[in-house]
Amino acid sequence: MDKMEKFFTTRKRFPAFSLCIHIERRNSAVHSHMSLSGKTVLVTGAAGYIGSHTCLQLLKEECKVIAYDNLDNSSFESLERVKRLSGGNGNLMTSIEGDILDGEKLDEVFEANEIFAVIHFAGLKAVGESVSKPLRYYENNINGTVVLLKSMVKAKCKSIIFSSSATVYGEPKTVPCTEEFETSALNPYGKTKLFIEHILTDQHASDNEWNCLILRYFNPVGAHPSGEIGEDPKGIPNNLMPFVQQVAVGRRPELSVFGTDYDTKDGTGRRDYIHVVDLADGHVAALKKIAKENGKCGRIVVNLGTGKSTSVLELVGAFEKAAGKKIPMKMVARRPGDAAEVYAKTDLAYEILGWRAEKTIEECCVDQWNWASKNPYGYSGKED
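**Q** Mind showing me how you'd approach the sheet that holds strand β9 (residues 270-271) here?
**A** To summarise the sheet geometry, strands pair through backbone hydrogen bonds and adopt either a parallel or an antiparallel arrangement. Strand order in the open sheet formed by 3 strands is β12-β9-β14, and the pairing between neighbours is mixed. Of all strands in the sheet, those with a lone pairing partner are β12 (310-311) and β14 (341-342), marking the two edges. Two strands pair when backbone bridges link them, and β9 and β14 are joined in this way by 2 bridges, in the parallel orientation. Following the sheet pairing, Arg270 is matched in β14 by Glu341.

**Q** I keep staring at the packing of aromatic side chains and nothing clicks. Help me out?
**A** What describes a pair of aromatic rings is the distance from one ring centre to the other and the angle between the planes of the rings. The full count for this structure, using the stated rule, is 4 aromatic pairs. Ring geometry for Trp371 and Tyr379: centres 5.0 Å apart, planes at 55 degrees, overall tilted. Neither residue differs from the other here; Trp371 and Tyr379 are each classed as buried. One aromatic cluster is present, formed by Tyr169, Phe181 and Phe218 through successive ring pairs. It is Arg334 that lies over the ring of Tyr262; its NZ or CZ is 4.1 Å from the centre. Sitting over the face of the ring of Tyr350, Arg356 holds its NZ or CZ atom 3.9 Å from the ring centroid.

**Q** Would you take a moment to explain the packing of helix α8 (residues 240-248) against helix α10 (residues 312-323) for this structure?
**A** Packed helices, taken two at a time, are described by the angle between their axes plus the distance between the axes. One way to put it is that α8 packs onto α10 with a least axis distance of 11 Å and a crossing angle of 40 degrees. Comparing the axis directions of α8 and α10 gives the class oblique. Crossing hand, α8 versus α10: right-handed. Touching Leu240, Met241, Val244, Gln245 and Ala248 of α8 are Val312, Leu315, Val316 and Phe319, all from α10. Partitioned by chemical class, the residues of the contact of α8 with α10 number 8 nonpolar, 1 polar and no charged.

**Q** Would you mind going over the nonpolar core with me for this structure?
**A** The nonpolar side chains of a soluble globular protein tend to be buried, and buried together. Core analysis: the largest hydrophobic core is formed by 47 residues, its most contacted members being Val43, Cys55, Leu58, Leu304 and Leu353. Ranked by the residues each element gives to this core, the list is headed by helix α9 (residues 276-292), at 9 residues. In this structure, Phe110, Leu149, Met152 and Ile199 belong to the second largest nonpolar core, which totals 25 residues.

**Q** Sorry, what's going on with the environment of His224 here?
**A** Note that His224 resides in the loop between β7 (219-221) and α8. You can call His224 buried: its relative accessible area is 11%. In sequence terms His224 and Asp367 are 143 residues apart; their C-alpha atoms lie 6.5 Å from each other. With sequence-adjacent residues up to four places away left out, His224 is seen in contact with His53, Leu56, Lys60, Leu85, Ile229 and Val277.

**Q** How should the side chain of Asn187 be read in this particular structure?
**A** Assignment of secondary structure puts Asn187 in the loop between β5 (159-165) and α7 (188-206). By relative accessible area, which is 11% here, Asn187 ends up buried. Looking at Asn187, its side chain comes within polar contact range of the main-chain nitrogen of Gly190, at 2.8 Å. Not counting the four nearest positions on each side in its chain, Asn187 is found in contact with Val127, Ser130 and Val131.

**Q** Can you walk me through the pairing of strand β3 (residues 93-97) in this structure?
**A** Remember that side chains alternate between the two faces of the sheet whenever the strand is regular. Pairing of strand β2 (residues 64-69) with β3, which is carried by 5 bridges, proceeds in the parallel orientation. Opposite Asp69, over in β3, you have Glu97 as the bridge partner. Each parallel crossover has a hand, and the one from β2 via helix α3 (residues 77-85) to β3 is right-handed.

**Q** Would you mind going over the pattern of salt bridges with me for this structure?
**A** When charged atoms on two side chains of opposite charge get close, those side chains can pair. Summed over the entire model, instances satisfying the criterion amount to 19 salt bridges. Residue Arg136 is joined to Asp72 by a salt bridge in which the shortest nitrogen-to-oxygen separation is 3.3 Å. In this pair, Arg136 is assigned in helix α6 (residues 134-155) and Asp72 in the loop between β2 and α3, connecting sequence segments 64 residues apart. On the basis of relative accessibility, which here comes to 34%, the residue Arg136 falls in the partly exposed class. On the accessibility criterion, Asp72 (36% relative accessible area) is partly exposed. Between Arg270 and Glu341 there is a salt bridge; the shortest N-O distance is 3.5 Å. Taken together, the residues Arg270 in strand β9 and Glu341 in strand β14 connect sequence positions 71 residues apart. What makes Arg270 buried here is its relative accessible area of 13%.

**Q** Sorry if this is basic, but what is going on with a negative patch on the surface here?
**A** Taken together, the side chains of Asp102, Glu104, Glu108 and Glu111 define an acidic patch exposed on the protein surface. One can find Glu108 in helix α4 (residues 103-112). Relative accessible area serves as the criterion here: at 52%, Glu108 is assigned to the exposed category.

What counts, and at which threshold
Residues numbered from 1 in each chain as written. Predicted model: local features only at pLDDT ≥ 70, side-chain atom pairs only at ≥ 80, totals over all residues. Heavy atoms only, no water. Pairing = 2+ DSSP bridges. Helix = DSSP H or I, 4+ residues; strand = E, 2+ residues; numbered from the N terminus. Phe/Tyr/Trp six-rings, centres within 6.5 Å; stacked < 30°, edge-to-face > 60°. Buried < 20%, exposed > 50% of the residue type's maximum accessible area, 1.4 Å probe, protein only. Lys NZ or Arg CZ within 6 Å of the ring centre and 35° of its normal. Axes fitted to C-alpha atoms, helices over the stretch in contact; angles between N-to-C directions. Parallel < 35°, antiparallel > 145°, perpendicular 65-115°, else oblique. Left-handed = near helix turned anticlockwise from the far one by under 90°. Contact = heavy atoms within 4.5 Å. Nonpolar A, V, L, I, M, F, W, Y, C, P; charged D, E, K, R; others polar. Core = buried A, V, L, I, M, F, W, Y, C linked by side-chain atoms within 4.5 Å. Polar contact = N/O pair within 3.5 Å; in protein donor to acceptor, adjacent residues only side chain to side chain. Right-handed = clockwise from strand over helix to strand, strands pointing away. Salt bridge = Lys/Arg side-chain N within 4 Å of Asp/Glu carboxyl O. Patch = residues over 30% accessible without salt bridge, like charges linked within 9 Å, V, L, I, M, F, W, Y side chains within 5 Å. Areas by Shrake-Rupley, 256 points an atom, 1.4 Å probe, with all protein chains shown as cover. Lys, Arg positive; Asp, Glu negative; His and termini not counted. Charge placed at Lys NZ, Arg CZ, Asp CG, Glu CD.

Next up, the structure:
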């Protein structure tokens, strides 16, 4: 293990650096009836896959949404569609093209608005690119978060919901993954997620008026049931479902299945796939937690997943059924570092946030195909 890996690996013998899970358990009731109407929320990375779906759910709650995005890997077309889907609440959202590294612009946004909380999605997320361009990832993801937090400090906005990832569990030795697992990171992307968790932990420790809700989500898939918004990655997809989608619409010739000799039912890797609308609702539930606690819920870490695993072949089979067509596949060797099975233990999310995933893998595939068939080339409608 090299020095960087040691630095980003949480170990029991270094308690000062470990991410202890401090959870407020006294209010575990469902928060679904807590009103967010009129509250202003800054959403960074708002035009992206998860961000756009979360903006839609916030508008349905009658939140005022400030959608902030640098459009590095997204388009404001997603947010225009969100407005149309919002049932007449589209006027509650303002879209701003801006970078989280731009402190002056962020200061202007905070000065012009009384922001209740920030939902922080913005960040580069391609694992492979992070290995070849680590400095870009550290600069954008970590420095960008620090710049954002500095602007929040100036504005006395002390509530942030951070979109973290199950990547912080590294290669878990057992499943399901619980929030108490030791954390580690295997690549620069994962290290940025983990270190941002540490930064938020330290910020809360320095000022306990801060509410830092860290949501570790697993594998988001699916799309809004309307088929109007969905995942639109640029270039070759990094994740399984959008790759399957692109094969189905003829943009890719076949799907490579990495590893068929795992100790699983069908030999392929198993993961926890969560519908993106369920995931968006998890962020809304976190916001309601802050509102319910009157800004005194402290630091919370929860998994957002389904608590179930689905194999690669099972997912492809469900997608084939939804699309009514076969997906050409090529069986290839395992990728280094891929675990046989990873899925979440999700009890804490229900206990603390009153949230649980509801949609099945079959619903995920139906909605993904609905999006793909209506938008085979994404929002642009043009071939790569």
